[in-house]
Structures are given as C-alpha cells and as structure tokens.
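# Breakdown of the fold
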Amino acid sequence: MEALLLGAGLLLGAYVLVYYNLVKAPPCGGIASLRGRTAVVTGANSGIGKMTALELARRGARVVLACRSRERGEAAAFDLRQESGNNEIIFMALDLASLASVRAFATAFLSSEPRLDILIHNAGISSCGRTHKPFNLLLRVNHIGPFLLTHLLLPRLKTCAPSRVVVVSSAAHRRGRLDFTRLDRPVVGWRQELRAYADSKLANVLFARELAAQLEGTGVTCYAAHPGPVNSELFLRHVPGWLRPLLRPLAWLVLRAPRGGAQTPLYCALQEGIEPLSGRYFANCHVEEVPPAARDDRAAHRLWEASKRLAGLGPGEGAEPDEDPQPEDTGAPSSLSSPHPEEPTVSEPHPSPQSSPDLSKVTRRIQVKTEPEP
C-alpha cells in the first residue's frame, strides 16, 4: 500500500512539474485600455479565438468576430457581450476557403468600420475532413486567405498606425518544407494532411517575416504567435467519434485551456515595446528562435510572390482580381475557383465611416535582419 501511495505521489508531482513548466501559459499583460480601438479576430466563435476576443473586449476594444458560420458567430457575439459587459462586439461573415468571401468581407468592413488597430489571424484548420477541393484547402484557409485579407485591409491598418497584425502559427512549422512546384496541389490522405498543415504553419512564420520587411517604417508591425498545446476544437474536430471520449480526459490533463492558448497572441497584439521585434516568432509570451527554413528571406519573398498569384492579386496593388487566377507558364500550380458566397452580413448597423486614403502601394522591401535570441 505504501508503495502504491508513493507511486501515486510521484506521478502527481511529475504532472505538477509538467503542467506548470510546459502546459500552463503565462498571463498576458500589455495595454490596459483599448477604448476607441477596433480589432478583427478571425475564427472567434470558439476556442482560442473566442478567448482572445473576450480579453480584447474586456479592455474596451470594439471587436469584430470574423467567422464562417453566421449562427455560431452571432451566438458567440451574444455570449461575449454578456460576459465582457462590452456591447461593441459584432459578427461579420468570413469564409477563408473562398477568395470571394475574403474580398466581400474586406469591402463590408472598410465601408462600415472607420478604424482597424489590431488584426488577429486566428482561424485555421488541421485537416480537410470530408471536404474535397481542387486546391490545397489547408494552405488556402491557413495562409492564402489571411494573406489576401491582410493585403485588402492594409490601407486601414496604415491609416490607424501604430497598428498590429498577429498570425497564429504553430510549433509544427518546424516540420514544414515548402515545395513551390506543388504549393497548391490538392491534399489527399492523412499523411499529406500532416505535411500540408506543417507547411501552412511554416508559411505563417515566413509571411510574418516578409510582411515586416514590406511594412518597415509604416507603423504597422506583425508577429507570428504559437499558442502552445491547446485543448480546442482544432484538436478534436477530425478525431473519430468513438475515440473522442478516450482523448478528452487526456487532453484536459496535458493540454492548455483555450484561455491559456490565447495569451501569446494577446501578448503580440498588446505588449508595449516589442515593435523592434516585428516579424519574429513568439511562444509563451517571448520571442523564440526559429529553424533556418523559417528565417530564409529568399524563401519568404518567393512565398510572398507565389501567394499573390494564388490569391489572384495582379501586379497593380489596387487591382480587383478575378476569383479564378490564371496559372503562369512556369509549371507552378495555381489556385482554382471557389463558389461565391453571399455578401457578408453584420450583426448590427453602423454609421458610415470616413473614407481612408489610398495607401495600398507596397513600401520598398527591406530585408529583416535575423536578430539573436534576446
């Protein structure tokens, strides 16, 4: 009996050490009041995104929940208004798998919201599920959609500078290896899904790096954020139903709650004094060094150009591209069309904003210098 109690005590002690050193997230500090500022959080109807939106709302920000499901998005907006005491929380429809939906969201947002101070790309998928698309759905939702949305909202971000862009990535980027000849090929099978997910997370880190170079001197800074191991819908969404009851207790024990997963994205959005670290990768609320593939400036710029093609962006920054970008004669695959959704709807009316100046010309690209780990 004594040996059994001793073993149980050792296991409990080991779990406490693991929990407080690896699982528990450090709390986010940063700007205390966000009154008068506007934030957009994608995928904010549940999990990390919802907890991120809740904290921003508690600090007084006007928060736009950019979600695919109208029903779930409006329900989340209602819950967050009740919990935060902030009525400035609205839902707007956004489906990152559809380039038309991304453009429609941007048009609706720019016509109804005079400010944009914080843009958090939280939405993402880890598997294609039963959806079959003629393009790389994981790359489309996790990278190309956010890339296009950032591009379309940059004029407003620049107008409201200092402003921030946060791209929620993952430690899985360390397994990523971008193949630019197969970037948009459809993903088939779970092995390809694992590879495509890691590749999309690497694309997130390279995107933040290149975006920082493109925007140096504009007052807009950007960061890639790893939320840590989180017990969210992303973890269990594509697990077979019979396996979920077995995994839920394990996930509760060894994974962070969504509130903990929101801390690093919130740190990147709110922490004062990290502007010199624009373009860097953060985990556990501090900057973290990345492998060579994730700090390759040539690859980052090549991904930027490839992403412009896949997002249907032409040479002219102000051009309105077609939904079906045509492939170039380079052997590289191109993004295929996705159905045009309905125009985004807003959960409450808003006054017409002042128009923003045309600041969409990309600034001169300046290489981001790799800095040593602080």
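The rules behind the values
Each chain carries its own residue numbering, running from 1 in the direction its sequence is written. Whole-chain, interface and lining totals are the exception, using all residues; otherwise, since this is a predicted model, local features are given only for residues with pLDDT of at least 70 and side-chain atom pairs are given and counted only at 80 or more. Neither water nor hydrogens contribute to the side-chain values; these are computed over all heavy atoms in the structure. A fitted line through C-alpha atoms represents every axis, and for helices the fit uses only the stretch in contact; the resulting angles, taken between N-to-C directions, go from 0 to 180 degrees. Comment: elements are numbered from the N terminus, with helices defined as DSSP H or I runs of at least four residues and strands as E runs of at least two. Throughout, the term roughly parallel applies to angles under 35 degrees, roughly antiparallel to angles over 145, roughly perpendicular to angles from 65 to 115, and oblique to all others. Contact between two residues is taken to exist if any of their heavy atoms lie within 4.5 Å; hydrogens are not considered. In this classification, the charged set is Asp, Glu, Lys and Arg, the nonpolar set is Ala, Val, Leu, Ile, Met, Phe, Trp, Tyr, Cys and Pro, and all remaining amino acids, among them Gly, are polar. Criterion for a salt bridge: a side-chain nitrogen of Lys or Arg within 4 Å of a carboxyl oxygen of Asp or Glu. Relative accessibility under 20% of the residue-type maximum defines a buried residue, over 50% an exposed one, and the middle range a partly exposed one, all with a 1.4 Å probe and only protein chains included. In short, DSSP must find at least two bridges between two strands for them to pair. Orienting the strands away from the viewer, one traces the path from the first strand over the helix to the second; a clockwise path indicates a right-handed crossover. Left-handed describes a crossing whose near helix is turned anticlockwise from the far helix through less than a right angle; right-handed describes the clockwise counterpart.

### Notes on the packing of helix 6 (residues 190-214) against helix 11 (residues 297-310)
At their nearest, the axes of helix 6 and helix 11 sit 9 Å apart, and the two run at 90° to each other. By the criterion of interaxial angle, the relationship of helix 6 to helix 11 is roughly perpendicular. Contacts between helix 6 and helix 11 involve A203, L206, F207, R209, E210, L211 and Q214 from the former and D297, A299, A300, H301, L303 and W304 from the latter. Across the contact of helix 6 with helix 11, the residue classes tally to eight nonpolar, two polar and three charged.

### A look at the pattern of salt bridges
In this structure the tally under the stated criterion is 13 salt bridges. Between E55 and R59 there is a salt bridge; the shortest N-O distance is 2.8 Å. R70 is the partner of E74 in a salt bridge, and the nearest nitrogen-oxygen pair spans 3.2 Å. Linking E74 with R70, this pair stays in helix 3 (residues 70-84), spanning four residues, or about one helical turn. Among the charged side chains, a network of salt bridges with common partners joins R62, E88 and E113.

### Description of the pairing of strand 1 (residues 38-42)
Of all five residues that make up strand 1, five are buried, and the element is covered over most of its length. Because side chains alternate across strand 1, one face comprises the buried residues T38, V40 and T42, and the other comprises A39 and V41, equally buried. As paired strands, strand 1 and strand 2 (residues 62-67) are joined by five bridges and run parallel to one another. Its bridge partner lying in strand 2, T38 is registered against R62. Assessed by its sense of winding, the connection that carries the chain from strand 1 through helix 2 (residues 47-58) to strand 2 is right-handed. In terms of strand pairing, strand 1 meets strand 4 (residues 118-121) through three bridges, oriented parallel. Bridging from a neighbouring strand, V40 pairs with L119 of strand 4.

### Section: the packing of helix 4 (residues 99-112) against helix 5 (residues 137-159)
For the pair helix 4 and helix 5, interaxial distance at closest approach is 10 Å and the crossing angle is 25°. Viewed along their axes, helix 4 and helix 5 adopt a mutual orientation that is roughly parallel. Viewed along their axes, helix 4 and helix 5 form a crossing whose handedness is right-handed. Of the residues in helix 5, those touching helix 4 at L99, V102, R103, F105, A106, F109 and L110 are R140, I144, G145, L148, L149, L152, L153 and R156. When its residues are assigned to classes, the contact of helix 4 with helix 5 shows eleven nonpolar, one polar and three charged.

### Here we look at unusual backbone geometry
For the bond from A161 to P162, the omega torsion is 5°, close enough to zero to count as cis. Mapping P162 onto the fold places it in the loop between helix 5 and strand 5 (163-168). Positioned with a positive phi, N284 is a non-glycine residue whose angle comes to about 50°. With respect to the helices, strands and loops of the structure, N284 is situated in the loop between strand 7 (281-283) and strand 8 (286-287). Residues other than glycine seldom take positive phi values, yet C285 does so here, at roughly 65°. In this structure, C285 sits in the loop between strand 7 and strand 8. Residue classification places C285 among the buried positions, given a relative accessible area of 11%.

Purely geometric numbers; function is a separate question.
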